[in-house]
Each structure stands twice: as structure tokens, then as C-alpha cells.
Amino acid sequence: AVGLWALAGSTGYRVAAYADSLMHAVDLVGAEHVMIGSDTDGFGRNGRASIESPADLRRVVDALLARRVDERTVRAVCAGNYARCLRGAMARRAA
């Protein structure tokens, strides 16, 4: 799976640009391989960014739904793929 972060250089921490990046990755490798990145320490906290904390990621979901991205893809990219990868990693560690 590919986790994408909202980096200032590529998205300016803007919701629409981050949604663009996610969907571009989906177009390249498929929805089952793309997820929102888990490292959120780098989010912009400068008052000018539209993604400043993990709480703002709900706006990414809203942006994808507004673009008429199907709900299955939104669920996979925004939560499901991360949960699947985390479960797999935890199971391997417990084995």
C-alpha cells in the first residue's frame, strides 16, 4: 500500500490538492493500494493551511465525496487500507 502525506511542497496542505494527489495515485495503482499517510507530524500548523491536524482529514473525505468518488474507494483510501495493513502487521508481529 502507498500512504500519501499532505506535504507542503506538493499540496500546500490544501484539501483539494491532497484529494487530487490521492486520486492520481488511485489512477496509477488502484484504490486497494492507496491510503492516507499515517505520519501526521508534518502537517502545516501555520494558520494558512487547510490541513493542519488529523482532524482536518474529514474534509478530505468530504472533498472526495463531492467529486463523486464512489463510497467503496473513499472508504478504502481513507481508512480501510490503513486498517488492513495495520492488522496484517500486527498479526505478523504476534506470530
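In this text the structure is predicted, and so the values were computed from the model without any measurement.

## A word on the side chain of Asp56
Step number 1: Among the secondary structure elements, Asp56 is positioned in the loop between strand E2 (34-36) and helix H3 (57-66).
Step number 2: Setting aside chain neighbours within four positions, we find Asp56 in contact with Ser50 and Ile51.

## Description of the packing of helix H2 (residues 15-29) against H3
Step number 1: Contact pair H2 / H3: the axes reach a minimum separation of 9 Å and the direction vectors enclose 65 degrees. Note that H2 runs across H3; the crossing there is right-handed. For the pair H2 and H3, contact is made by Val15, Tyr18, Ala19, Leu22 and Met23 and by Leu57, Arg59, Val60, Ala63 and Leu64, respectively.
Step number 2: Class assignment of the residues belonging to the contact of H2 with H3 gives a composition of nine nonpolar, no polar and one charged.

## What about H3?
Step number 1: Those residues of H3 lying buried are Leu57, Val60, Val61, Ala63 and Leu64. Down the axis of H3, the smallest arc covering the buried residues is 160 degrees, so these residues share one side.
Step number 2: Packing partners of the buried residues in H3 comprise H2, E2 and helix H4 (71-94).
Step number 3: Downstream of H3 by a residue or two, Arg68 has a phi angle that is positive, lying close to 70 degrees.

What counts, and at which threshold
- Residues numbered from 1 in each chain as written.
- Predicted model: local features only at pLDDT ≥ 70, side-chain atom pairs only at ≥ 80, totals over all residues.
- Heavy atoms only, no water.
- Helix = DSSP H or I, 4+ residues; strand = E, 2+ residues; numbered from the N terminus.
- Contact = heavy atoms within 4.5 Å.
- Axes fitted to C-alpha atoms, helices over the stretch in contact; angles between N-to-C directions.
- Left-handed = near helix turned anticlockwise from the far one by under 90°.
- Nonpolar A, V, L, I, M, F, W, Y, C, P; charged D, E, K, R; others polar.
- Buried < 20%, exposed > 50% of the residue type's maximum accessible area, 1.4 Å probe, protein only.
- Arc of directions from axis to C-beta.

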